[in-house]
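Coordinate analysis (summary)
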Amino acid sequence: MSRKRDISREEIAKQFLLPERQSKIDTLLKQDGQAYCICRSSDSSRFMIGCDACEEWYHGDCVKISEKDAKLIKQYICVRCKEEDPSLTTRWKTKKEHDETFSLIGQEERKSRKRKERGENKNDKKIKKCGECMGCYRTEDCGRCDVCTRKNRHGSSKNRERCKQRICVNALGGARRKRRDSSSDREQSHNDHLKTDYPRHCYGPKCTNSARYGSKYCSDQCGMNLARTRILQILPQRLHEWSLTPPAAEETNKKALDQIRKQQVEVQQILQELDKRHRELDVVIERAKNATIDPRLEHNEDEDTETSMYCVTCGLEIHSKTASKHMEKCFNKYESQSSFGSVVKTKIEGSSIFCDFYNVEHRTYCKRLKVLCPEHCKDPKIGDHEVCGCPLVKNVFSSTGEFCRAPKKSCSKHQFWEKIRRAEIDLEKVRQWLKLDELLEKERQIRTSMANRAGVLALMLHSTYNHELMERISAAQDQQNKLNQRDERVSSRYN
């Protein structure tokens, strides 16, 4: 082990990142102000070598070992350790290990030298750009110079030559003459040609004054007058062309508007049908309230069964007769723990399907369906004499016109049928309202695009010219002019 001059303890530790010497490194870092060597001094600025047995450090000049000799030592044993244990000796590296050590050092030095040269070359290349000529801004080869010709003929150039048009003009040191008269090498402002020493006439209509320096007009009012005159001259012709040849986008937008109106009518019809179903459900529920319980169904419902099942929410084993009620309670319990709120209250005329309960703590309105909200809308208590009232069907879809007369409290076939029917109708209403809202937004976007298409700015900037139509119009005008001239000749002859 060896230590070079003017090297910190951290750098020494980096040189010996071997597991078997980690303890020696830790000892070295902790020994701050400790005495070393046979001279017992704390000077660590000179070259030092450490004993691999006792881990004591010695000055090279004190033990008569130079820094060059230390590179050839594989294991150093101090004099004191040799006296205590004569079997310990200093081992030197073999010739092969010596050559490998010096070859690795030489490789590292060559690599570092190449990195430095490469970095200097890169810096030189970066410096050799002025950033003002066209060669600095070109990104593609011209394809016409000698270098580009060689690349196209023989493939990629071995010397990595650059296109001559991409080489900086100023970095060549006068090898290539800069074009002074080229307007592309220097940036010009849009009004450089107006900055003249001699007076220029104002462009304003019927204006006799001279223009301002760097401007076409003598005042802002002259510019406004010229713009107004141009609009009055050009806009009528553009409007005439627009009326003669409407664009294809206009026809497409009109068809899209017709399609949107048809869909809006369909949505309105569906909403009316849902309102009708809601009224029919109210009639059915009212009819069941006035009916009496069938005694036969009452006895049939009292029959007990021994089957059981597990709740899908809580996992408890429950009786099949009370399964639907238990599952409904479990679902309402967990549903009440989550919130569906909005800061905006529902404003739909003639409908109150949402709960809209105001939460003072969160300052939000509940957005559950009023029928299904277990937190704010509790189900009414069922009486002992209430009838189920669920409409009976045959073959799943065809109605029989009758309804279930079993006790509502104990009817296990039609549990919560009123709530489910109302929720189905309300959910379908919400879907149709969302669809109607999307259609209204599409209609607004189409109408906005149609309004912007025929604006003054669009007509002034763009012109739709139909050559066939204009040829027919010009031919008709020529024919009319010939007829007028013939009539004038005939009238002049008789007069």
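Note that the structure is a prediction, hence the values are computed from the model and not measured. (Residues numbered from 1 in each chain as written. Predicted model: local features only at pLDDT ≥ 70, side-chain atom pairs only at ≥ 80, totals over all residues. Heavy atoms only, no water.)

So, the overall build of the chain
Our working definition: Strands here mean DSSP runs of E at least two residues long; helices mean DSSP runs of H or I at least four residues long; both are numbered from the N terminus. Residue exposure (1.4 Å probe, protein chains only): buried if accessible area is under 20% of the type maximum, exposed if over 50%, otherwise partly exposed. We call two residues in contact whenever any of their non-hydrogen atoms come within 4.5 Å of each other. In short, Shrake-Rupley with a 1.4 Å probe defines the accessible areas, and a residue's cover is counted only from the protein chains shown.
Tallying secondary structure elements over the chain gives 14 helices and twelve strands in all. Buried positions account for 25% of the 495 residues belonging to the chain. For the chain, long-range pairs separated by at least 24 residues make up 45% of all intrachain contacts whose partners lie at least 6 apart in sequence. Counting only carbon and sulfur atoms, one obtains 50% of the accessible surface of the chain, whose full area is about 37,000 Å².

Things to note about the state of the cysteines
Convention followed: Cysteine sulfur pairs qualify as disulfides if the two atoms are within 2.5 Å.
In the structure shown here, the tally under the stated rule is zero disulfides. Free cysteine: Cys311, not disulfide-bonded; nearest cysteine sulfur from Cys314 at 3.5 Å.

Considerations on the confidence of the model for the chain
Regions with low pLDDT carry predicted coordinates that are not meant to be interpreted in detail. Put simply, the rule reads: The predictor's confidence in any single residue is recorded as pLDDT, a number from 0 to 100.
Looking at the chain as a whole, its pLDDT mean stands at 77, while 76% of the residues score no less than 70. The weakest mean pLDDT in the chain belongs to strand 1 (residues 2–3) at 46; the strongest belongs to helix 9 (residues 248–289) at 90. Under a pLDDT of 50 for its full length, residues 122–127 has, in the predicted model, zero contacts with residues more than four places off or in other chains. Across residues 173–186, where pLDDT falls below 50, the model places 13 contacts with residues more than four positions away in sequence or in other chains.

Considering the sheet that holds strand 9 (residues 358–359)
To keep things clear, this is the line we draw: Pairing between strands is defined by DSSP: at least two bridges between the two strands are required.
In spatial order, the strands read 8-10-9; together these three strands make up an open sheet with antiparallel pairing. Where the open sheet ends on each side, the last strands, each with one partner, are strand 8 (341–342) and strand 9.

As for the packing of helix 9 against helix 12 (residues 417–453)
Packed helices, taken two at a time, are described by the angle their axes make and the gap between the axes. To be explicit about the condition: Fitted lines through C-alpha atoms serve as axes, helices being fitted only where they are in contact, and the angles separating the N-to-C directions of these axes extend from 0 to 180 degrees. Any angle between 65 and 115 degrees counts as roughly perpendicular, while under 35 counts as roughly parallel, over 145 as roughly antiparallel, and the rest as oblique. Whether a crossing is left-handed or right-handed is set by the direction in which the near helix is turned from the far one by less than a right angle, anticlockwise for left-handed and clockwise for right-handed.
Running from N to C, helix 9 and helix 12 point in directions that differ by 160 degrees, and their axes come no closer than 9 Å. On the basis of the axis angle, helix 9 is roughly antiparallel to helix 12. As for how helix 9 packs across helix 12, the hand of that crossing is left-handed.

Quick notes on the environment of Pro374
Locating Pro374 in the fold gives a position in the loop between strand 10 (364–366) and strand 11 (391–394). Remark: the alpha-carbon pair of Pro374 and Tyr334, spanning 40 residues in sequence, is separated by 9.5 Å. In contact with Pro374, not counting residues within four places along its chain, are Asn332, Glu335, Ser336 and Arg368.

Quick look at unusual backbone geometry
Phi angles above zero are rare outside glycine, and Glu55 is one such case at about 60 degrees. Inspection of the secondary structure assignment puts Glu55 in the loop between strand 2 (48–50) and strand 3 (57–59). Given a relative accessible area of 30%, Glu55 falls into the partly exposed group. Even without being a glycine, Asp356 presents a positive backbone phi close to 60 degrees. In this fold, Asp356 is placed in the loop between strand 8 and strand 9.

Describing the nonpolar core
Counted only if it meets this: Remark: nonpolar core denotes a set of buried residues (Ala, Val, Leu, Ile, Met, Phe, Trp, Tyr, Cys) joined through side-chain atoms within 4.5 Å.
Core analysis: the largest hydrophobic core is formed by 19 residues, its most contacted members being Cys388, Cys404 and Trp417. Among the elements of the structure, helix 9 and helix 12 are those that each provide at least two residues to this core. With near-sequence residues (within four places) excluded, Cys404 lies in contact with Val387, Cys388, Gly389, Cys390, Leu392, Cys411 and His414. Core analysis: the next-biggest nonpolar cluster, separate from the first, contains 15 residues, Ile49, Ile65, Ile77 and Cys78 among them.

So, helix 8 (residues 220–244)
Note the cut-off: Helix span is expected to be 1.5 Å times the residue number reduced by one.
Here helix 8 is 25 residues long and its end C-alpha atoms lie 36 Å apart, about the 36 Å a rise of 1.5 Å per residue gives. If you check which residues of helix 8 are buried, you get Cys222, Gly223, Leu226, Leu235, Arg238 and Glu241. Of the surrounding secondary structure, the elements contacted by the buried residues of helix 8 are helix 13 (456–461).

Let's talk about the packing of aromatic side chains
Any pair of aromatic rings gets described here by the distance separating the centres and the angle formed by the planes. Which entries qualify depends on this criterion: A pair of Phe, Tyr and Trp rings is counted when the ring centres sit within 6.5 Å of each other, with Trp represented by its six-membered ring. The angle between the planes then sorts it: under 30 degrees is stacked, over 60 is edge-to-face, the rest tilted.
Per the stated rule, a full pass over the model turns up two aromatic pairs. Consider the rings of Tyr203 and Tyr217, whose centres lie 6.4 Å apart with planes at 90 degrees: the pair is edge-to-face. With Tyr203 in the loop between helix 7 (146–154) and helix 8 and Tyr217 in the loop between helix 7 and helix 8, the pair connects residues that are 14 residues apart, well separated along the chain. For the ring pair Tyr358 and Tyr365, a centre distance of 5.0 Å and an interplane angle of 50 degrees mean the geometry is tilted.

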